[in-house]
Amino acid sequence: MRYVPPKKLKVLMMVFFGTGVFGIAVGLTQEIFMMTFMGVINLCLGGFFGWIFLNQEPRSKHKRKK
């Protein structure tokens, strides 16, 4: 997988976690199963991007030394 800038990963994590929590809250209050299910999927995607953020190796400044 190619290198993704950390700022972009943080924004993606926040967006997915935010929409996931919102989807679960709305789905449970109005008893809409599909909305709750989509919220859980968004939480999983947020976790995936968080895992990429934590396990990604920093970009090397010296590309010719490889």
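Everything below is about the structure shown above.
Residues numbered from 1 in each chain as written. Predicted model: local features only at pLDDT ≥ 70, side-chain atom pairs only at ≥ 80, totals over all residues. Heavy atoms only, no water.

**Q** Looking at this model, I keep getting lost on unusual backbone geometry. Mind explaining?
**A** What you tend to see is this: most non-glycine residues have negative phi, and most peptide bonds are trans. Of note in the backbone geometry, E31 takes a positive phi value of approximately 55° without being a glycine. Relative to the elements of secondary structure, E31 occurs in the loop between helix 1 (6-29) and helix 2 (33-55). (Helix = DSSP H or I, 4+ residues; strand = E, 2+ residues; numbered from the N terminus.)

**Q** I would appreciate a short explanation of the packing of aromatic side chains in the present structure.
**A** What characterises a pair of aromatic rings is the spacing of the ring centres plus the angle enclosed by the ring planes. Applying the stated criterion to the full structure yields four aromatic pairs. An angle of 65° between the planes, with centres 5.7 Å apart, marks the rings of F48 and F49 as edge-to-face. Of the residues examined, F48 reaches a relative accessible area of 39% and is grouped as partly exposed. Since its relative accessible area comes to 18%, F49 is described here as buried. Both rings, one in F48 and one in W51, keep their centres 6.4 Å apart while their planes meet at 25°; by these two values the pair is stacked. Note that F48 and W51 are positioned in helix 2 at a spacing of three residues, about one turn of the helix. (Phe/Tyr/Trp six-rings, centres within 6.5 Å; stacked < 30°, edge-to-face > 60°. Buried < 20%, exposed > 50% of the residue type's maximum accessible area, 1.4 Å probe, protein only.)

**Q** In this structure, what is going on with helix 1? I would like to understand it.
**A** Owing to its 3.6 residues per turn, the α-helix aligns residues three or four sequence positions apart on the same side. Helix length check: helix 1 (24 residues) gives 35 Å between terminal C-alpha atoms against 34 Å at 1.5 Å per residue, within 8%. Inspection of helix 1 places L9, M13, F16, G20, G23, I24, V26 and G27 among the buried residues, and these make up the whole buried set. Tucked inside the fold, the buried residues of helix 1 contact helix 2. Positioned one or two residues after helix 1, E31 has a phi angle of 55°, which is positive. (Expected span 1.5 Å × (residues − 1). Contact = heavy atoms within 4.5 Å.)

**Q** In this structure, what is going on with the nonpolar core? I would like to understand it.
**A** Nonpolar side chains in soluble globular proteins tend to be buried together. Within the largest apolar cluster, six residues are counted, these being V4, L9, M13, F16, F49 and I52. For this core, the elements supplying multiple residues, two or more each, are helix 1 and helix 2. For this core, the element with the highest residue contribution is helix 1, accounting for three residues. Sequence-distant contacts of F49, that is, excluding residues within four places in its chain, are made with L9, L12, M13 and F16. (Core = buried A, V, L, I, M, F, W, Y, C linked by side-chain atoms within 4.5 Å.)

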